[in-house]
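Observations on chain architecture
What follows is each chain in one-letter form.
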Amino acid sequence: MSNFKKELAEYTKNLNKASQDENLAQAVTRAIKSYRQNVEAAMSQYPHTSALAEEARAIKDYSMANNKELLEQAMQVIESNHGQAFYAEDREAAINIVKKIVGKEKIIVKGKSMLAEELDLREALQEEGNEVWETDLGEFILQLKNDRPMHILAPSIHVPREQVAEIFSKFFQKEISADIAELVSEVREFLREKYFTADVGISGANVVAADTGQIVIIENEGNVRLCTGLPPVHIVIVGLEKLVPTFQEAMKVAEVTWRYANYGAPGYVNIISGPSRTGDIEKVITYGAHGPKEFYVIFVNNGRRAMMNDENYRQALHCLRCGGCMYECPVFQVTAGHYGRTYLSGIGSVWTSFVEGVESAAPMLYTCLRCGRCVERCPMQIDVPKMVGRLRSELASD
Amino acid sequence: MTTNKQIPSVLKLIRSNIIKYGNPLALNPRQNSSWVKDLDLPTKGEILFYTGGEYQLLPYLEPLLKTMTYIDPAGRAFSLLMQARKLVNIFGVAPEKIFAGMLAKDKERYNAINYKAAYILKKLGYDLCYDAQGEIYSGALLYELGFWQDLKSYAVRVAQAIRKTQAKTVVCLSPHAAEMFKHVYPQFEEFPELEVKTFVELVWEKRDKLSPIPTDSPVVIHDSCRLARDLGISKEIRDILDSVGVSYIEPIRNKEWTTCCGGPGKMLFPEISKIIAERRVNELTDTGASKALLACPYCLSSLEGGLKQDKPMVMEDLVEFIYRGVN
């Protein structure tokens, strides 16, 4: 049996198993229902959103076509803001840059980042003897469970509270009840100490404004504020596709992102342009006042440039990672994140084709029903079925 | 880019059947056109009635799936892949052999949908032609599964088949075929210029001629993905029901937001496909309706398969339903 047959058989078995998992079914069903209600409420409360999404599409179109210039501009301005900017061609380059900044045996607190998942960054840093903590609650649960995210925004969508209590009781070595508030409070106490003792904070980014070098990070828990504000060093890892020309445009893209991620307004929007500084003593600018003294931004390619250069697939880079499409995908509704690895469901199969290669994405590519409901949901109207068809044709071509 | 190595065997099988036999399941053309009976349709004319042999496939799908899924219950996923090669051989000779489990009444029912559709359109005043010998499958699966290289030569065959009939308009029973004629084939050079219509649209244009259809309770509509999203046809179905005096209910997701029946996943992921179908059936039964209307052969087959044993609901093709109003 060929490797592909084995892989497909294994993948199918896994999908089938997931489809029989009652915890998963219940959790996902609840999540879909509340997603649909929340997003509908958010849209009716902020009816300008769909027009704003249209603007965001135009901004993304422009940004992809001019990405090289935007990257250059952003890197320059980040340097002039007393940060340091890097470009990483692929996974290896990105990991090496982070490793070099971090060093060994450090404590690292980390915010949620799809790119970090793509790069297996946590594992790479742990191999160097570093202590790395996921601070997003969902990711923290998965870190302890040694599991992987099942939704890009709600990574632990598949873990019910009883199981969280079990995991926490074992980890904290005391009896913790399945009371959600108690569970949250345990993590809060534990991570608080980590934020203050950490040597490095790592975050992703939702949007980057090329003109000001400002990094925009949307969140609800407040963990990103702490990760990026308390440790003496802040490292941002971000995909090239997150660049837009101006700060004003970055805000438009950000608002569309959180609205379709079903928030009227998110708990926090972090905007960071460089290390913490003060001029309060004799107007002499000094870095590292209360926040980080060092600020690094690593722009990562890892297949994105190839996507950008191919007009058939460029639109996949418009993805804001709002996760809306997944809630509407009939296969995802049954299997959750088992339909994919890092990047999930239909759009995930397109991304996987570029960051890992089309052969690796084959089982996912054949999973898509091409029903097209994701396109209805997508604020960027990304035509996933069309791209999936084309990628299948690449698999079939001699 | 690598080659066929990354293509699941079952999809290769479907591909070779389409290319070799002009039909995904290698059914013979004579059998595909047996529905036509006394309708007396000329082989040439302005409006071509196009079945693409798709409703004719349906009775074979479920038994095929059962064969493929349950030959080796100890390792379903493996058997699905391993058995495909054997099926090629069986298919080439007599595909019917493996369909011992097929129900005669299903075959009769699905075949009759072609007859009823043509009958309705004739009654509404459309002069149809139909080429029993020359009609071949639309090639939709070649397109959807990514066999785009094959599609180039297949398009030529489809074009020839259409040209032979001298038709200016093609009326498709399957939305998948309509998508091919409307959105895919026009991209190919030398494909004949055609007006493409679905059965639903032609009925909609002359809906005033339909007689009222007495019903006891409202029906629920299931929109097909292709029809509602790719072809933008959903209001037409409602208009038709209004004009025959039938009240209808919408499920939680419908029109451009409709939920897929799971059909496209059947060949590779039959178990997931079935769960998706069952969930859609739940959305339909949640409305309280006891009958669902739909207008796509694959939705019909999938949702029939998604019904539980006690059959809480009747799945009916719009063709079958409207037939009552013209007879």
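Residues numbered from 1 in each chain as written. Chains lettered and ligands numbered in written order. Predicted model: local features only at pLDDT ≥ 70, side-chain atom pairs only at ≥ 80, totals over all residues. Heavy atoms only, no water.

1. Concerning the sheet that holds strand β8 (residues 243-244) of chain A
Residues and elements named next belong to chain A. Condition: Strand pairing follows a simple DSSP-based rule, namely that at least 2 bridges must link the two strands. Strands here mean DSSP runs of E at least two residues long; helices mean DSSP runs of H or I at least four residues long; both are numbered from the N terminus.
Overall, mixed pairing links the four strands, which are arranged β8-β5-β6-β9 in an open sheet. Of all strands in the sheet, those with a lone pairing partner are β8 and β9 (268-272), marking the two edges. Alignment of strand β5 (residues 207-209) against strand β6 (residues 214-219), held across three bridges, turns out to be antiparallel. The partner of V208 across the bridge, within β6, is I215.

2. Focus: the domain arrangement of chain A
The figure often quoted for interface size is the accessible area lost as the parts come together. All names here are of chain A. Note the following rule: For the domain bounds, the source is a domain assignment made automatically or taken from a database. Residues count as neighbours in contact if any of their non-hydrogen atoms are within 4.5 Å of one another. When two parts are brought into contact, each loses some accessible area as probed by a 1.4 Å sphere; the total of that loss over both is the buried area. Salt bridge, as used here, is a side-chain nitrogen of Lys or Arg placed within 4 Å of a carboxyl oxygen of Asp or Glu.
Considered domain by domain, chain A is made up of domain 1 (3-45 + 306-396) and domain 2 (66-302). If you average the C-alpha positions of domain 1 and of domain 2, the two centres end up 24 Å apart. Of the residues lining the interface, 33 residues belong to domain 1; the matching set on domain 2 comes to 29 residues. Interface area, domain 1 with domain 2, both sides summed: about 2,600 Å², of which 66% is carbon and sulfur. There are one salt bridge connecting domain 1 and domain 2. Residues E241 and R321 are paired through a salt bridge, measuring 3.5 Å at the closest nitrogen-oxygen approach.

3. Notes on the environment of I298(A)
Residue and element names in this part refer to chain A. As a reminder, the rule being used: For every residue, the accessible area (1.4 Å probe, protein chains only) is compared with the maximum for its type, and the residue is labelled buried under 20%, exposed over 50%, or partly exposed between those bounds.
Note on placement: I298 falls in strand β12 (residues 294-300). Among the residues examined, I298 registers a relative accessible area of 0% and is labelled buried. For the pair formed by I298 and N81, sequence separation is 217 residues and the distance between their alpha carbons is 15 Å. Contact partners of I298, with chain neighbours within four places excluded, come to F86, A88, I97, V98, I101, I235, V236, I237 and V238.

4. Considerations on the pairing of β12(A)
Residue and element names in this part refer to chain A. Burial runs high along β12: six of the seven residues are buried. Here strand β7 (residues 233-239) pairs with β12 via seven bridges, running parallel. Each bridged residue has a counterpart across the sheet, and for G239 the counterpart in β12 is V300.

5. Re the side chain of S353(A)
Tracing the chain through its elements places S353(A) in helix α16 (residues 345-355). Beyond its immediate sequence surroundings of up to four residues, S353(A) is in contact with V358(A), A361(A), L365(A) and L391(A).

6. Observations regarding the interface of chain A and chain B
Heads up, the condition is: Pairs of N or O atoms are called polar contacts if they sit within 3.5 Å, as long as, within protein, a hydrogen donor faces a hydrogen acceptor (for residues adjacent in sequence, only side-chain-to-side-chain pairs).
With 41 residues of chain A in contact, the opposing surface of chain B contributes 39 residues. Taken together, the two surfaces of chain A and chain B that pack against each other cover about 3,900 Å², and 62% of this comes from carbon and sulfur. In this structure, the connection of chain A to chain B is made through one salt bridge. Note that E328(A) is salt-bridged to R253(B), the shortest N-O span being 2.4 Å. At the boundary of chain A with chain B, the tally comes to seven residue pairs in polar contact (both at pLDDT 80 or more). At the level of secondary structure, the elements contributing two or more residues to the side of chain A that touches chain B comprise α1 (3-19), α2 (22-45), α15 (330-335), α17 (358-365), α18 (373-377) and α19 (384-396) of chain A.

7. Some remarks on helix α12 (residues 270-285) of chain B
In plain terms, the rule: Multiplying 1.5 Å by the helix residue count minus one yields the expected span of that helix.
Across its 16 residues, α12(B) extends 22 Å between first and last C-alpha, which sits within 8% of the 22 Å expected from 1.5 Å per residue. Along α12(B), the residues classified as buried are P270(B), I272(B), S273(B), I275(B), I276(B), A277(B), R280(B), V281(B), E283(B) and L284(B).

8. Some remarks on unusual backbone geometry
What is expected of a backbone is that most residues other than glycine have negative phi and most peptide bonds are trans. For D120(A), which is not a glycine, the phi torsion comes out positive at approximately 50°. Note on placement: D120(A) falls in the loop between α6 (114-119) and α7 (121-126). Even without a glycine there, the phi angle at D40(B) is positive, about 55°. Tracing the sequence through the fold places D40(B) in the loop between α2 (29-32) and β1 (47-50).

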